[in-house]
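Observations on chain architecture
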Amino acid sequence: MSRDGFGSKLGIIAAAAGSAVGLGNIYRFPCEVGNNGGGAFLAVYLLIVLCLGVPVMLSEFIIGRRAQKNPVGAFKLLKPRSGWPVIGYMGVICAFIIMAFYSTVAGWTLEYIVKAVGNDFQGKELAVIEQEFSDFHNQGWRNVLWQFVFIFLTGFVVFKGVADGIEKYAKILMPLLVIILLVLGVRAVTLPGAREGLSFLFHPDFSKINGSVVISALGQAFFSLSMGMGVLITYGSYIKKDDNLTSTAISVTLADTLIAVLAGVVIFPAAFSFGVQPTAGMGLVFSTLPMIFNQMAGGYFFCIIFFVLLAVAALTSTISLLEVIVAFFVEEWHLSRRWATVLASLGCMALGVFASLSLKSGSGLTIGGMSFFDRLDMVSAKILLPIGALFIVIFVGWIMGKKTFNEEITNEGKLKLSVKGAIYFIIKYLAPIAIAIIFIKGFF
Ligand code: PHE
């Protein structure tokens, strides 16, 4: 059976960047910055992305392209009769977990498109917009409905297959998102009082750095780059033998980081200007943004376009998550692509309902004092992704070894890459040590 693959060089970057760029950048990143003290978090985040982003991403691509399989199948093939496939299974489980809460927020983007089209924010005070946002959560089933619509859309694209599904959507719409963020950024930094927001984001107060800030930054970095759970192994398996893995990893990391910082430059100046607390979490994005549109020429249209693009950015990420599960079902359980997609989508919905409903006040859906939604977020970003990434770099550095590594990153000697020794050194020694230290310090 010949495997579906990405059609062009731009296609791979677009698909991997499509996975990376999403609610993680525009919704989760500002929440984490706000809750972890602003500039100090950003500094740690950038340091982690700089040191670990490319090596971990490359490691996933290498495993995927070498094995040409889903994460479980890849470990089975590359290290037969070993415990390594557990890391693959963990990735598949993690895909369900992330899908469950991510699709909740993705569903909100659809609700907000409808609101934007209905000119629902026009002339409203911040307090009213905030109140309506929390009223919306309290209508639990309305969240669930949008969430299901979103998962259905995801399933539809995934069912249609890799080349003409994922690639086509990502290629055009991602650059558009950057443009609209730039426009919004200009508006946000010229609002009265915007300065304070910029200084919150860019002036690190290093005394705020502690174990919890660092593990949050690590989790956010892996989450935002879609690393540590097999998305990039799966996508790597669709990358052709003559594509350049290193330059792909660099482009994706840069694009993702740029968009996150840009989102910060939009959100924080505006939040400070309107009096939204930096710790407002979800409200930071869903209340602050409508306020910006209220204050700008053409705000009505920009608002619609923005939420449509945000929904698409989320979609290219949920596609990658569902693809991990579907590739696993198809290759390991021998289901047809159709049934694999149906089963995977239903599974995500079943878990997702609890995530959505847990945000309703007094729902009682909590685990250890945290809403189900927050618990899923925390377990995936701060526990499963770091553990996954740790074992992925160990696998490439210690199990696959230098010869295989060199073959993959130079395309069997066809590419010259002067820094390959340095990258290998990072993957083999520095990355595992750094991840392990942060993880242990963050938790104990
Ligand atoms: N990286 C995506 C985002 O930032 C989320 C994601 C995480 C997607 C893990 C796939 C895997 O929105």
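Our subject in this report is the structure included herewith.

Parameters at a glance
- Residues numbered from 1 in each chain as written.
- Predicted model: local features only at pLDDT ≥ 70, side-chain atom pairs only at ≥ 80, totals over all residues.
- Heavy atoms only, no water.
- Helix = DSSP H or I, 4+ residues; strand = E, 2+ residues; numbered from the N terminus.
- Rg over C-alpha atoms; globule rule 2.2 N^0.38 Å.
- Buried < 20%, exposed > 50% of the residue type's maximum accessible area, 1.4 Å probe, protein only.
- Contact = heavy atoms within 4.5 Å.
- Phe/Tyr/Trp six-rings, centres within 6.5 Å; stacked < 30°, edge-to-face > 60°.
- Lys NZ or Arg CZ within 6 Å of the ring centre and 35° of its normal.
- Near = heavy atom within 4 Å.
- Polar contact = N/O pair within 3.5 Å; in protein donor to acceptor, adjacent residues only side chain to side chain.
- Areas by Shrake-Rupley, 256 points an atom, 1.4 Å probe, with all protein chains shown as cover.
- Expected span 1.5 Å × (residues − 1).
- Salt bridge = Lys/Arg side-chain N within 4 Å of Asp/Glu carboxyl O.
- Patch = residues over 30% accessible without salt bridge, like charges linked within 9 Å, V, L, I, M, F, W, Y side chains within 5 Å.
- Axes fitted to C-alpha atoms, helices over the stretch in contact; angles between N-to-C directions.
- Left-handed = near helix turned anticlockwise from the far one by under 90°.
- Lys, Arg positive; Asp, Glu negative; His and termini not counted.

A separate point is the overall build of the protein chain. Within the protein chain, the regular secondary structure consists of 18 helices and 2 strands. Against the compact-globule benchmark of 22 Å for 444 residues, the protein chain has a radius of gyration of 21 Å, which places it among compact chains. Taken over the C-alpha atoms alone, the protein chain extends approximately 60 × 50 × 45 Å along its principal axes. For the protein chain, the residues scored as buried account for 60% of the 444 residues in total. Pairs at least 24 residues apart make up 82% of the contacts formed inside the protein chain by residues separated by at least 6 positions.

This part takes up the packing of aromatic side chains. Any two aromatic rings considered together are summarised by their centre-to-centre distance and by the angle between their planes. Scanning the model with the defined rule gives 35 aromatic pairs in all. Look at phenylalanine 425 and tyrosine 429: their rings are 5.1 Å apart centre to centre, the planes differ by 45°, and that puts the pair in the tilted class. Taken as a pair, phenylalanine 425 and tyrosine 429 lie in helix α18 (residues 420-443) at a separation of 4 residues, close to a single helical turn. Residue class for phenylalanine 425 comes out partly exposed when judged on its relative accessible area of 44%. Looking at tyrosine 429, the relative accessible area reads 34%, which means it is partly exposed. One residue, lysine 428, lies across the ring of tryptophan 398, its end atom 4.3 Å from the ring centre.

Turning to the site of the ligand, a few remarks are in order. Taken together, 16 residues are adjacent to the ligand, and Ala20, Gly24, Tyr102, Phe223 and Ser226 come closest. Within the contact set of the ligand, a nitrogen atom lies 3.2 Å away from a backbone nitrogen or oxygen of serine 19. Phenylalanine 223 places a main-chain nitrogen or oxygen 2.7 Å from a nitrogen atom of the ligand. Protein burial of the ligand: of its 320 Å² of free accessible surface, 100% is covered by the chains.

Turning next to helix α15 (residues 299-332). Given 3.6 residues per turn, any residue in an α-helix points the same way as the ones three and four places further on. The first and last C-alpha atoms of α15 sit 49 Å apart over 34 residues, in line with the 50 Å expected at 1.5 Å per residue. In terms of burial, α15 is largely enclosed, as 28 of its 34 residues are buried. Phi turns positive one or two residues past the end of α15, at histidine 334, with a value near 55°.

It is worth spelling out the pattern of salt bridges at this point. Taken as a whole and assessed by the stated rule, the structure comprises 14 salt bridges. With its nearest N and O atoms 3.1 Å apart, the salt bridge here joins glutamate 332 to lysine 76. Taken together, the residues glutamate 332 in helix α15 and lysine 76 in helix α4 (residues 71-78) connect sequence positions 256 residues apart. With its nearest N and O atoms 3.1 Å apart, the salt bridge here joins glutamate 407 to lysine 403. You can see glutamate 407 and its partner lysine 403 sitting in helix α17 (residues 372-409), 4 residues apart, about one turn around the helix. In this structure, a network of salt bridges that share partners links the residues Arg65, Arg66, Lys241, Lys403, Glu407 and Glu408.

Attention shifts here to a nonpolar patch on the surface. Judged by side-chain polarity, Trp398, Ile399, Phe425, Tyr429, Leu430, Ile433 and Ile437 come together as a nonpolar surface patch covering roughly 670 Å² of accessible area. Sorting the residues of the nonpolar patch by element identifies α17 and α18 as the ones contributing at least two each. By residue number, the principal contributor to the nonpolar patch is α18, which donates 5 residues. Here leucine 430 is to be found in helix α18. Taking the relative accessible area as the measure of exposure, leucine 430 reaches 46% and is therefore partly exposed.

Looking now at the packing of helix α7 (residues 140-159) against α15. Two elements in contact, α7 and α15, have axes whose closest approach is 9 Å; the angle formed by their N-to-C orientations is 65°. Note that α7 runs across α15; the crossing there is right-handed. Note on element contacts: α15 touches α7 through Ala311, Ala314, Leu315, Thr318, Ile319, Leu322, Glu323 and Val326, opposite Phe150, Leu153, Thr154, Gly155, Val157 and Val158.

On the secondary structure map, glycine 228 appears in the loop between α10 (211-224) and α11 (231-236). Its relative accessible area of 5% is what places glycine 228 among the buried residues. Measuring from C-alpha to C-alpha, the distance between glycine 228 and threonine 257 comes to 17 Å, with 29 residues separating the pair along the chain. Setting aside residues up to four positions removed in sequence, glycine 228 forms contacts with Glu60, Leu384, Leu385, Gly388, Ala389 and Ile392.

This paragraph deals with the side chain of lysine 428. With respect to the helices, strands and loops of the structure, lysine 428 is situated in helix α18. It turns out lysine 428 is buried and unbridged, and the closest side chain with the opposite charge, glutamate 407, is 15 Å from it. If we ignore the near neighbours within four places in the chain, the residues touching lysine 428 are Gly397 and Trp398.

Bringing α10 into the picture now. With 14 residues, α10 should cover 20 Å at 1.5 Å per step; its first-to-last C-alpha distance of 20 Å lies within 8% of that length. Counting buried positions along α10 gives 12 out of 14 residues, so the element sits mostly inside the fold. What α10 keeps buried is the set Val213, Val214, Ile215, Ser216, Ala217, Leu218, Gly219, Gln220, Ala221, Phe222, Phe223 and Ser224. Residue asparagine 210 occupies the N-cap position of α10, its side-chain oxygen lying 3.0 Å from the main-chain nitrogen of serine 212. With its phi angle positive at about 55°, serine 226 sits one or two positions after the end of α10.

With that out of the way, let us pick up unusual backbone geometry. Trans peptide bonds make up the majority, and among non-glycine residues the majority have a negative phi. Despite not being glycine, glutamine 68 has its phi angle at roughly 55°, a positive value. Residue position: glutamine 68 is located in the loop between α3 (39-67) and α4. You can call glutamine 68 partly exposed: its relative accessible area is 28%. Unusually for a residue other than glycine, arginine 81 sits at a positive phi of about 50°.

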